[in-house]
Amino acid sequence: MFLHPPLKATLSGANCAVVIAGVMLLTGFLGLRRGIRIAISLLTLLGFVVLVTPEPSVLRAALMATILLLGIASGRPGRGVPLLALVVILLLAADPWLARSYGFALSVLATAGLLVLAGPLTRMLHRWLPTWLAAVIAIPLAAQLACQPVLVLLTPTLPLYGVPANLLAGPAAPAATVIGLIACLLLPWLPGVAGGVLYLAWLPAAWIAAIARTSAELPGSRLPWLGGPLGVLVTVLLTVAAVALVMRGRGQVRARWPIAAIAVLVLAAGSYAGSLIGAGVGRAVAFPADWQIAACDIGQGDAVVVRDRDRYALVDVGPDPALLADCLDTLGIDRIDILVLTHYDLDHIGGVAAVIGRVDTALVGIPENADDERLHDALAAGGAELRGAARGDTGTLGELRWEILWPVRGSAVMQTGNEGSVTIGFDGRGIRSLFLGDLGEESQDALRRSSSPGEVDVVKVAHHGSADQSPELYADLRATVGLISVGRENGYGHPTDTVLDILAAAGTLPLRTDQQGLLVIAPGPGGGALTVWSETVRNETVPDTDPG
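Everything quoted here is computed from the prediction, not taken from an experiment.

Asks: Now, about the pairing of strand β17 (residues 530–534): what can you tell me, with residues and values included?
Replies: Most of β17 sits out of view: 5 of its 5 residues are buried. Alternating residues of β17 divide into Leu530, Val532 and Ser534 and Thr531 and Trp533, and every residue in both groups is buried. In this sheet, β17 lies alongside strand β16 (residues 519–523) in antiparallel orientation, the contact comprising 5 bridges. By the bridge assignment, valine 520 is partnered in β17 with tryptophan 533.

Asks: Lay out the sheet that holds strand β15 (residues 509–512) with the relevant residues and their values.
Replies: One open sheet holds the 7 strands; their spatial order is β9-β10-β11-β12-β13-β14-β15, and the pairing between them is mixed. Each edge of the open sheet carries a strand with a single partner, namely β9 (394–397) and β15. Each strand of the sheet is rotated relative to its neighbour by a mean of 20°, with strand direction disregarded. Bridge count between strand β13 (residues 458–460) and strand β14 (residues 481–484): 3 bridges; the pairing is parallel. Note that in β14 the partner of lysine 460 across the bridge is leucine 483. The strands that helix α15 (residues 441–451) touches are β10 (400–406) and β11 (423–428); relative to β10, the one it contacts most, it runs at about 120°.

Asks: Give a description of the state of the cysteines that names residues and reports values.
Replies: Applying the stated criterion across every chain yields a total of 1 disulfide. The residue that forms a disulfide with cysteine 296 is cysteine 327, at a sulfur-sulfur distance of 2.0 Å. Torsion about the S-S bond of the cysteine 296 and cysteine 327 cystine: about -75°, corresponding to left-handed handedness. Pair noted here: cysteine 296 is in the loop between β3 (293–295) and β4 (304–308) and cysteine 327 is in helix α12 (residues 321–331), with a separation of 31 residues, a long-range link.

Asks: Can you explain the nonpolar core? Please cite residues and give values.
Replies: Trp291, Val305, Leu314, Leu331, Leu339 and Val355 are the most contacted members of the largest nonpolar core, which totals 35 residues. Elements represented by at least two residues in this core include exactly β5 (311–315), α12, β6 (336–341), β7 (359–364), α14 (370–381) and β16. Ala295, Val304, Ala313 and Trp402 belong to the second-largest nonpolar core, a separate cluster that totals 27 residues.

Asks: Before we move on, can you summarise the pattern of salt bridges with the specific residues and values?
Replies: As enumerated under the stated definition, the model contains 15 salt bridges in all. Of the charged contacts, one joins arginine 309 and glutamate 399 as a salt bridge, the two residues approaching to 3.5 Å between their closest N and O atoms. Residue arginine 309 is found in the loop between β4 and β5, and its partner glutamate 399 is found in the loop between β9 and β10; the two are separated by 90 residues along the sequence. Three or more residues joined by partner-sharing salt bridges are found here, namely Asp308, Arg309, Glu399 and Arg429.

Analysis parameters
Residues numbered from 1 in each chain as written. Predicted model: local features only at pLDDT ≥ 70, side-chain atom pairs only at ≥ 80, totals over all residues. Heavy atoms only, no water. Buried < 20%, exposed > 50% of the residue type's maximum accessible area, 1.4 Å probe, protein only. Helix = DSSP H or I, 4+ residues; strand = E, 2+ residues; numbered from the N terminus. Pairing = 2+ DSSP bridges. Axes fitted to C-alpha atoms, helices over the stretch in contact; angles between N-to-C directions. Contact = heavy atoms within 4.5 Å. Disulfide = S-S within 2.5 Å. Core = buried A, V, L, I, M, F, W, Y, C linked by side-chain atoms within 4.5 Å. Salt bridge = Lys/Arg side-chain N within 4 Å of Asp/Glu carboxyl O.

Read these as spatial facts, not as claims about activity.
Here is the structure:
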């Protein structure tokens, strides 16, 4: 579930404006003088910042509102862009580390987009739409346009439904803010009444959550985009072209630079659409029809599918329901026969919203807290049968046999967290695989001593390729390939040189989602061989590396 970043960045300013407007109207109704009204507004604003916590976007909005109120009190109200520039200078002078905050950058850019682009966008859209509708669309579109170069640093995707989702969710945000603030003010004195008011606040909040959940689960909610510096550079160039087109004056229609901007945008749109279509056609032609394992490209997290014909198991769900939903759509999966949640770190369970209501059986570990229990309840409410998983549990997925190798049921140690990761193996149709969750070296050695998994064809490398690995276990496994589900430029240094050396010593070929995208494995044409398909390298046969 997500609320799109440009809306999150601008909501702080909108909330401050709603609070101040409410106070000014109320004090005006009471007949108070302007100076007293402004003073009460400033005190209320201070309390609001303390209540919602002084995050970078809140600080930016509150300081802008404060300076604006002081300007009104002095009879010299400021203008938007100079006011924003002054606030940025003051905040960076007070805390230079804000320059490294994505939240602060998005807040500033979204506000600048509203100040600079919302008006021209409204006038442009007014050619085809009523003024009120043009203005409503222009606000989130301006924020989106201004923020996109930074957003691609966070995730190299384009939000297909970002603006429509913000249009639908935006009107509910002020209502939730005002009603929630009233409830907070009433809580110390009239807790019963405050509880009733909070129920009212739940309605707009639930609407926002529903919009976020629905837009995250729609097909193609995030379209792929170039990552790294090249992706940022291309996004900046296209943003400049779009801004140039929006900001042109009426007398400049025949000038060369608007024509050039249009040409750049049309060429980019055509190239991008062609690449998407071409990738789809290429995937349809080269994708192995008998694939058995698919590692989704979901960033820094795990979500791996095991398949036998029309039966599917999913080992973990990654950090983001939108990315997981995209992967399942790509693979043509509507229903999950077996869901395995290895443990309860966010990068393994954060995408669970994408599969609730679509799971038959869930194999889970021991819940660590109330949040984990609520996750179990949500799965059960969606129709899933929950089973506590431990060593010795077995079953089938079509003609594949599965077995739980870890943790040991009833043991006093290594039951939860990384060291208690539910470890499952699959065997059948020419591939034997093992999924290690986030087990560390100590727990891997304990698994090796207690369960002796033997040799496998595919191993899901533990903990995204961290250095905390057991060389002895990987030497025993002698896997042909090792899947490393890892995010691009993840900041952890994953996969580490240590684990890559361990895999090389074991004769295991590393396959990485950060470099190769979606990874798909099928039985190869020869005994012991595997066919590997990836988004960057199509079909490739990997021979059995076992010299015996």
